[in-house]
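# Observations on the model geometry
Here is how the chains run, residue by residue.
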Amino acid sequence: MHKRNQDTRTKKIKHNFIMCAAFLCTVILISALHPLYICAAGENMTADEESERQKADSQLLAEYEDYLARLNAPQRGWEIEDNGFHVIENQIFPIETNCFGEVSLVPAMEKKYHRLALFFTKEDGTVVYRTDQLAVNSWNIGSLEQPIRAISAVSFQDLNRDGRMDIILIADCRNKTGSYSGKTYKVGDVLFQGDDGFYRDYRISDKINRFGMNKSAESIIAYVRDGHSTEFLYTASTKNELLRNGFVITAEQDYSRQFEKLGYLEVMPGTYKMAEFATFMIYLVNEQGNIVWSFQPMGDFDNLYALKGIACRDIDGDGMKDILVLARYSYAGSNNEVLIKSDYEIYYQRTGGFETDTEVKKKVMCNDEDTVAGLVEKARAYWGWSPET
């Protein structure tokens, strides 16, 4: 069985099958279809621990009920702000619906917990529909507080070809704590128009975010409406499977090396283009054509702009070849302008595979003038090895 590393996106994404369980827990506890998970009691708790858990659950339930009451309170658009929400004025758009006619989509952020709600209002301000059933509101399982900080895109398309306009929503998120704290990432979502409002398919939202198809509305359209997908990049087991699905090898950086613990392997970098974005991956392929390891150096950048190079060399001094990759990536700025940045990753060979560097990048910064050879020497110097060693 092939060993595969877990890509950086997968580490931060909460699987929506867990989210579905959270939905069910909340239905049982508060008889409302909202994705709030009240933690079950652990086994072997002391009496004091059980009492504290019950108090915490009661407090969380009370806070949620208060939030729910404020979500359902506004009957007119101008009452939204009075109930603890901030209306996002620059993301208000008209939309034609089958069940309500022409309405305005009014997104609003709950100020205390950063939960996003969508209100639909008529011309006279009457709120005819509202929902907070969004992927971004289920990101932090077991918590009212969510990571959304802004809406980066709203788009309307008939995605399931039923003649009704559906909603594409992309949010910018940032965690306060954890290994991903302080880093901005995107969460994409789709709301399909139904007979009496809008609904989500959690399986679609899950794949949009788990496989990085949340970069733009165009990427989501390409997946949901047109059937293109990056999923194969993470699930393929052979080189032929990659090529069959449209993966393009970067020939000038494709070569083979002897890795001490894994044998003779092809280092195979390349891209798959979906909408306007090229997803960059590196695979290690054995002589039978099977993938034994994979890397995603681009992290949360939107697109590979240029691959500057890949080096296979012992960097940390343990006698085994490591991998350093340097590339330039493009991404959207705060005003949706296209920005370009150079970045690198180091992967250390270990007995069971590879481990992503978390130390050198804290000390060795990267700019557009850096080269692969230069970064290799800086990284080796960090571990105490001179250039001549």
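Below is a short write-up of the structure. (Residues numbered from 1 in each chain as written. Predicted model: local features only at pLDDT ≥ 70, side-chain atom pairs only at ≥ 80, totals over all residues. Heavy atoms only, no water.)

Turning our attention to the pairing of strand β13 (residues 277-285). Extensive coverage of β13 is indicated by the burial of nine of its nine residues. Burial along β13 is two-sided: Phe277, Thr279, Met281, Tyr283 and Val285 facing one way and Ala278, Phe280, Ile282 and Leu284 facing the other are all buried. Both strand β12 (residues 263-274) and β13 contribute to a ladder of nine bridges, which runs antiparallel. Residue pairing across strands places Met268 opposite Tyr283, the latter belonging to β13. Counting the residues that bridge the hairpin from β12 to β13 gives two residues, and of these Ala275 lies at a positive phi of roughly 55°. With four bridges connecting them, β13 and strand β14 (residues 291-295) associate as antiparallel partners. By the bridge assignment for β14, Val285 is matched with Ile291. (Buried < 20%, exposed > 50% of the residue type's maximum accessible area, 1.4 Å probe, protein only. Helix = DSSP H or I, 4+ residues; strand = E, 2+ residues; numbered from the N terminus. Pairing = 2+ DSSP bridges.)

Pairs can form between side chains of opposite charge once their charged atoms are near each other. Taken as a whole and judged by the stated rule, the model has 25 salt bridges. A salt bridge links Glu231 to Lys207; the nearest nitrogen and oxygen atoms lie 3.0 Å apart. Placement of Glu231 in the loop between α5 (217-224) and α6 (232-235) and of Lys207 in helix α4 (residues 202-210) is noted, with a sequence separation of 24 residues between them. The class of Glu231 is partly exposed, set by a relative accessible area of 23%. By relative accessible area, Lys207 is classed as partly exposed at 26%. A salt bridge links Glu260 to Lys321, with the shortest nitrogen-to-oxygen separation between them at 3.5 Å. Placement of Glu260 in the loop between β11 (255-259) and β12 and of Lys321 in the loop between β15 (303-313) and β16 (322-332) is noted, with a sequence separation of 61 residues between them. For Lys321, a relative accessible area of 22% corresponds to the partly exposed category. Residues participating in the shared-partner salt-bridge network are Asp316, Asp318, Arg350 and Glu355. (Salt bridge = Lys/Arg side-chain N within 4 Å of Asp/Glu carboxyl O.)

The antiparallel open sheet is built from four strands, whose spatial order is β6-β7-β8-β9. Among the strands making up the open sheet, the edge pair consists of β6 (148-157) and β9 (198-199). Relative to strand β8 (residues 184-193), strand β7 (residues 166-174) runs antiparallel, the two sharing eight bridges. Within the sheet, the bridge partner assigned to Leu169 lies in β8 and is Asp189.

Along the chain, Lys215 falls in the loop between α4 and α5. Buried charge without a partner: Lys215 forms no salt bridge, and the closest opposite charge is Asp302, 4.1 Å away. Within the structure, the side chain of Lys215 is placed 3.3 Å from the backbone oxygen of Asp300, a separation counted as a polar contact. Only 3.3 Å separates the side chain of Lys215 from the backbone oxygen of Phe301, close enough to count as a polar contact. (Lys, Arg positive; Asp, Glu negative; His and termini not counted. Polar contact = N/O pair within 3.5 Å; in protein donor to acceptor, adjacent residues only side chain to side chain.)

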